[in-house]
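What follows is the residue order along each chain.
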Amino acid sequence: MNRAGPPGRAVARGIALVLLGVTCGAAQSRLPAGEADARSQPVPSAATASTAARVILDRVRPSVIQIKGFFGTNTAEAFHGSGFAIGHRGVFVTNWHVVSEVVLYPEKYRLEYRTAAGATGRVTVRAIDVRHDLALVDAEGFAPPPLRLRPNAAIGGERAYSVGFPLDVGLTITEGISNGRVEDSFEPRVHYSGALNAGMSGGPGLDGAGNVIGVNVAGYRASQLVAFLVPAEHAVGLLAGASKPPLDVRQARDEVARQVRAHSDAMLAALGPKLPTQNHHGYELPSKPAAFVECRAAGDPAPDQPVSVERIGCDAKSSLYLGRNLQPGGLSFQHQVFTTRTLDPWRFARGMQAAKGSDDLFGSRRQLAPFACKQRNVELGGFTANATVCLRAYRKLDGIYDLHVRVVSKNGPRQGFLSSLIVTGVAPERALAFAKTYLDAMQWKP
Amino acid sequence: MEAVMVVEVLSGHHRVRTRYHFGAVGGEARCTVGRSVACDVVLDDPFVAAVHARISVDAEGRVTVTDLESINGIEIAGRRRHGGEPAELDGGVFRVGHTRLRVRTAREVVAPERADRGGSAWWSRGTELKALAAGSVVSIAVTVFEVWTSTTQPRELSTALVTTLLALLGLTGLWIALWALASRVAFGESRWVRHAVIVAAAYAVVSVVTGLVDVVNGALGLHLSPVVGPLLVAIAVSIALSAHLVNASPMRARLALGIGVTIPFVILAVVLWTQARSQNRSPSYVGDRDLVVPPALVMRRGESLERFAPDLSDLRGKADANRAFVEREDPSPEEDESD
């Protein structure tokens, strides 16, 4: 999943390439009580839908701002996103990833807002919620009426709209359908089937009556009209803490690290104390540990290959966006299971050795320190394996680490596996405990 | 003592090209050197005068050389002399024009006779050929095994074998040819077989020893430092290079050994330093030291997870130390590629 902005970097990364203005279906004149009720509603005409969009846009226009980031004293913007009024004294909500550069590098970046009418002013960050990708900001000298929030009410099949400043082309509304909560996601998200482009991040996602059901956050790069909103109740929760003093930028990194750590703790806790396993050619290996973890399996269909490889990969899709090349809070693991009928143990061992070499990890030199590793031959559940456990620290964030575990079986003359786990942005003790859980799950059960 | 003199004309490689014998006349032996047929020692050197110099040996066996008013004079122990007084010749060798001459007398102490015990000398032709055959067989066998284990597709095996062996043959052939050329320049003989023996022996020893170290490493789970392999190669290359130098240059064995050791170890040190510098700063480097070997060779059981897990507790401290290191040594790294 990719965030829908800020466009300065998002466009370069090819995020949200769907076109604007391609909508179908019709708007509903009132909110449905439920899906059964919704089925009994008459389908409005296309003209009615367009009218509804125009009415909603006119209603929210005064309360939506474009938030621009500038590097140093430059007057040309570095990135931009959107935001909307949520509190009465000039308090706006936007995405954390719109303001993250300013929070992490306050000496390098500054923020300004621009209203739909063209007024501009300074923006300061008041509170952040890294986990839910939200932030509260104060817009100096601008306090429009706040939009009305409708928490816990995103319903599948409901007409929905999204407003923001995509690609710097001015205030825009897109029309789509809310598909309700995404069921298999660690972070709560509303699935919005509508166009959501770079620059709309932080703008409001609205129902047919103009109530905010979520905050624009992300879209899939290679998919059509698959986009996501942060449910409105998380904005309400963040607003509840808005009476506190503004975020102290000197302690912002500690706060970010604390929130990342809390997120990772919660994610690992959701996996439970023991990982489920699946048997692959005699090896019990960790399998899909929770509904929010997405797993894929593939094999090599060519029957004439001397070594058959099955690849199983699982990803919790729980990474948090902190900046370029810095997305901690994720968990993923891959197994490669090798079998052969024709090769002797020497050549099979050599093949596995060669496969190990391709298991490279990515890491930003600016953000991450080198790994510290321990490698041993260990007795797992009924078989010998080589295990490498590594930790690396974050250079600018205290108290969070990346865990990497690599396991290579050493018992099978004609079958074996390579397994690789990475958990990012986690407390070290929690990381090492999970490494043991991961190794503990592996067994030899032919 | 009767004065007897032998004058040897030497080649560029210090080999005797021509030898002239002179007997005593009136207690002294003497001869003239030059291009003229009237001279006793006739040279075909355009930098030599028609009658260039005179060599004398007196009754005490003292050798003197006199320049006979030539343009280029004579050169004794690196010092050029012109005309005048006879110069005493201590070392026995002097130069006229571009030709080196050696004067030997009855005073010369000849090295004792070497006993022939019937066996062949270490570097005899037969021994060299046997060593070459043994080294080549082992080298080819190890190479074939390496190619065989790394080629999983049977239909690709023959191609891989032919390609690798031809490449090996071409590279070693070129290497041997270069050293043979150096030997030819230095000694006037190519010493093909000797250089081939050095290459074959070094390759065979390196292949076998590094292969054994790998197998033992994997079988015992030693997780040896990745420096071990290159270190073994550097030692073998040092010995081989020294042997090549001894056989392809007039330098002394000690100097050849010094050069032979210095070059590979300096290269090794630079490569390892560069590699370590990059790895110490890279957040992606894991440093996997394990080698997968057939399970039948695994001789040591692993330790229990209950023992391994507590041992991981110091990883945090090491990760923090790595962070402090890069903050100190590499505070502002280059932008990452995907930035």
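Chemist: Describe in detail the overall build of chain B, supporting the description with residues and values.
Modeler: The secondary structure content of chain B amounts to seven helices and 12 strands. Seen through its C-alpha atoms, chain B measures out along the principal axes to roughly 100 × 55 × 35 Å. Residue pairs at least 24 apart in sequence account for 49% of intrachain contacts in chain B once pairs closer than 6 positions are excluded. Counting only carbon and sulfur atoms, one obtains 60% of the accessible surface of chain B, whose full area is about 19900 Å². Charge centroids of chain B, computed over 35 positive and 37 negative side chains, lie 7 Å from each other.

Chemist: I'd like a description of the overall build of chain A, backed by residues and values.
Modeler: Helix and strand counts for chain A come out as eight helices and 23 strands. Counting across all 446 residues of chain A, residues that qualify as buried make up 58%. The contacts of chain A with a sequence gap of at least 6 include a subset with a gap of at least 24, amounting to 65%. About 17400 Å² of surface is accessible on chain A, with carbon and sulfur atoms providing 52% of the total.

Chemist: Describe the interface of chain B and chain A, and please don't skip the residues or the numbers.
Modeler: Each side of the interface is counted separately: chain B has 60 residues, and chain A has 62 residues. Here chain B packs against chain A, burying approximately 5700 Å² in sum over the two surfaces, 54% of which is carbon and sulfur. The interface formed by chain B and chain A includes 16 salt bridges. The partner of B:Arg323 in a salt bridge is A:Asp398, with the nearest N and O atoms 2.3 Å apart. If you look at where chain B meets chain A, you find 32 residue pairs in polar contact (both at pLDDT 80 or more). Of all the secondary structure elements, the ones that give two or more residues to the side of chain B that touches chain A are helix H1 (125-150), helix H3 (192-220), helix H5 (253-281), helix H6 (305-311) and helix H7 (315-329) of chain B. Of the residues in the side of chain B that touches chain A, the class split is 22 nonpolar, 17 polar and 21 charged.

Chemist: Can you break down the pairing of strand E19 (residues 372-380) of chain A residue by residue, with the values?
Modeler: Along E19(A), seven of the nine residues are buried, which leaves the element largely enclosed by surrounding structure. One ladder, built from nine bridges, connects E19(A) with strand E20 (residues 383-393) of chain A; its direction is antiparallel. In the strand pairing of E20(A), A:Asn377 is matched with A:Asn386. Between the end of E19(A) and the start of E20(A), which pair antiparallel, lie two residues, with A:Gly382 showing a positive phi angle near 85°. Bridging between E19(A) and strand E12 (residues 303-304) of chain B involves two bridges; their strand directions are parallel. Within E12(B), the position partnered with A:Val378 by the bridge is B:Glu303.

Chemist: Run through the sheet that holds strand E16 (residues 294-299) of chain A, naming residues and quoting values.
Modeler: Working definition: the strands of a sheet are paired by backbone hydrogen bonds and lie parallel or antiparallel to each other. Here we have eight strands laid out as an open sheet, ordered E16(A)-E17(A)-E18(A)-E22(A)-E21(A)-E20(A)-E19(A)-E12(B), and mixed in their pairing. The open sheet has two free edges, formed respectively by E16 of chain A together with E12 of chain B, since each of these has just one partner strand. In this sheet, strand E17 (residues 307-315) of chain A lies alongside E16(A) in antiparallel orientation, the contact comprising six bridges. Counted as the bridge partner of A:Glu294 is A:Asp315 from E17(A).

Chemist: Now, about H1(B): what can you tell me, with residues and values included?
Modeler: Residues lying three or four places apart along an α-helix face the same way, a consequence of the helix completing one turn every 3.6 residues. Compared with an ideal rise of 1.5 Å per residue, which puts 26 residues at 38 Å, H1(B) spans 37 Å between its outermost C-alpha atoms and is within 8% of the ideal. Those residues of H1(B) that are buried lie in contact with helix H7 (345-356) of chain A together with helix H2 (154-187) and H3 of chain B.

Chemist: Any chance you could break down helix H4 (residues 96-104) of chain A for me, citing the residues and the numbers?
Modeler: The buried count for H4(A) comes to nine of nine residues, which makes it a mostly enclosed element. Within H4(A), burial applies to A:Trp96, A:His97, A:Val98, A:Val99, A:Ser100, A:Glu101, A:Val102, A:Val103 and A:Leu104.

Chemist: Account for the confidence of the model for chain B, naming residues and giving values.
Modeler: Taken residue by residue, chain B gives an average pLDDT of 89. The fraction at 70 or more is 95%. What the predictor reports for the complex is a pTM of 0.79 with an ipTM of 0.82.

Chemist: Describe in detail the sheet that holds strand E7 (residues 74-76) of chain B, supporting the description with residues and values.
Modeler: All names here are of chain B. The six strands lie next to each other as E2-E1-E11-E10-E7-E8, forming an open sheet whose pairing is antiparallel. Each edge of the open sheet is held by one strand with a lone partner, namely strand E2 (16-22) and strand E8 (79-81). Averaged over all adjacent pairs, the angle separating strand axes in this sheet is 30°, with direction ignored. Here strand E1 (residues 5-10) pairs with strand E11 (residues 99-105) via six bridges, running antiparallel.

Chemist: Report on the state of the cysteines, specifying residues and quantitative values.
Modeler: Summed over the entire model, instances satisfying the criterion amount to two disulfides over all chains. What pairs with A:Cys373 in a disulfide is A:Cys390, and their sulfur atoms sit 2.1 Å apart. Negative torsions about the S-S bond denote left-handed disulfides, and the value of about 110° found for A:Cys373 with A:Cys390 makes this one right-handed. Of this pair, A:Cys373 sits in strand E19 while A:Cys390 sits in strand E20; the two residues are 17 residues apart in sequence, bridging distant segments of the chain. With relative accessibility at 0%, the residue A:Cys390 sits in the buried group. Shown here for chain A is a disulfide pattern of 1-2, 3-4, where each number marks a bonded cysteine counted in sequence order. Note on B:Cys39: no disulfide assigned, nearest cysteine sulfur contributed by B:Cys31 at a separation of 9.2 Å. A residue is classified by how much of its surface remains accessible, and B:Cys39, at 6% relative accessible area, is buried.

Chemist: Any chance you could break down the side chain of B:Ser242 for me, citing the residues and the numbers?
Modeler: Residue and element names in this part refer to chain B. Along the chain, Ser 242 falls in helix H4 (residues 228-248). Given the relative accessible area of 7%, Ser 242 is considered buried. If near-sequence neighbours (up to four positions away) are discounted, Ser 242 is found in contact with Ala 256, Leu 257, Gly 260 and Val 261.

Chemist: Could you give an account of the nonpolar core, naming the residues involved and the relevant values?
Modeler: One finds A:Leu331 and A:Val389 to be the most contacted residues of the largest nonpolar core, which totals 46 residues. When neighbours within four sequence positions are excluded, A:Val389 is seen to be in contact with A:Ala372, A:Cys373, A:Lys374, A:Leu403, A:His404, A:Val405, A:Leu432, A:Ala435, A:Leu439, B:Phe308, B:Leu312 and B:Leu315. Ranked by size, the runner-up nonpolar core spans 33 residues in total, among them A:Ile67, A:Leu111, A:Val130 and A:Ala139.

Chemist: Break down unusual backbone geometry for me, with residues and values.
Modeler: With phi around 50°, A:His281 is a residue other than glycine that occupies positive phi space. As for its placement among the helices and strands, A:His281 is situated in the loop between strand E14 (277-280) and strand E15 (283-286). A:His281 gets classed as partly exposed once you look at its relative accessible area, which sits at 39%. With phi around 50°, B:Ala77 is a residue other than glycine that occupies positive phi space. Owing to a relative accessible area of 81%, B:Ala77 belongs among the exposed residues under this scheme.

Chemist: Outline the packing of aromatic side chains, listing residues and values.
Modeler: All names here are of chain A. Tallied over the full model, the rule gives 13 aromatic pairs over all chains. Measuring from ring centre to ring centre gives 5.7 Å for Tyr 113 and Phe 142, while their planes differ by 20°; the resulting arrangement is stacked. Taken together, the positions of Tyr 113 in strand E5 (residues 109-115) and Phe 142 in the loop between strand E7 (134-139) and strand E8 (156-164) put the pair 29 residues apart, joining distant regions of the chain. When its relative accessible area of 18% is taken as the criterion, Phe 142 is described as buried. Counting every residue linked through ring pairs, the aromatic cluster contains Tyr 283, Phe 383, Phe 417 and Trp 444.

Calculation notes
- Residues numbered from 1 in each chain as written.
- Chains lettered and ligands numbered in written order.
- Predicted model: local features only at pLDDT ≥ 70, side-chain atom pairs only at ≥ 80, totals over all residues.
- Heavy atoms only, no water.
- Helix = DSSP H or I, 4+ residues; strand = E, 2+ residues; numbered from the N terminus.
- Contact = heavy atoms within 4.5 Å.
- Areas by Shrake-Rupley, 256 points an atom, 1.4 Å probe, with all protein chains shown as cover.
- Lys, Arg positive; Asp, Glu negative; His and termini not counted.
- Charge placed at Lys NZ, Arg CZ, Asp CG, Glu CD.
- Buried < 20%, exposed > 50% of the residue type's maximum accessible area, 1.4 Å probe, protein only.
- Buried area = accessible area lost by both parts, 1.4 Å probe.
- Salt bridge = Lys/Arg side-chain N within 4 Å of Asp/Glu carboxyl O.
- Polar contact = N/O pair within 3.5 Å; in protein donor to acceptor, adjacent residues only side chain to side chain.
- Nonpolar A, V, L, I, M, F, W, Y, C, P; charged D, E, K, R; others polar.
- Pairing = 2+ DSSP bridges.
- Expected span 1.5 Å × (residues − 1).
- pLDDT = per-residue confidence, 0-100.
- Axes fitted to C-alpha atoms, helices over the stretch in contact; angles between N-to-C directions.
- Disulfide = S-S within 2.5 Å.
- Core = buried A, V, L, I, M, F, W, Y, C linked by side-chain atoms within 4.5 Å.
- Phe/Tyr/Trp six-rings, centres within 6.5 Å; stacked < 30°, edge-to-face > 60°.

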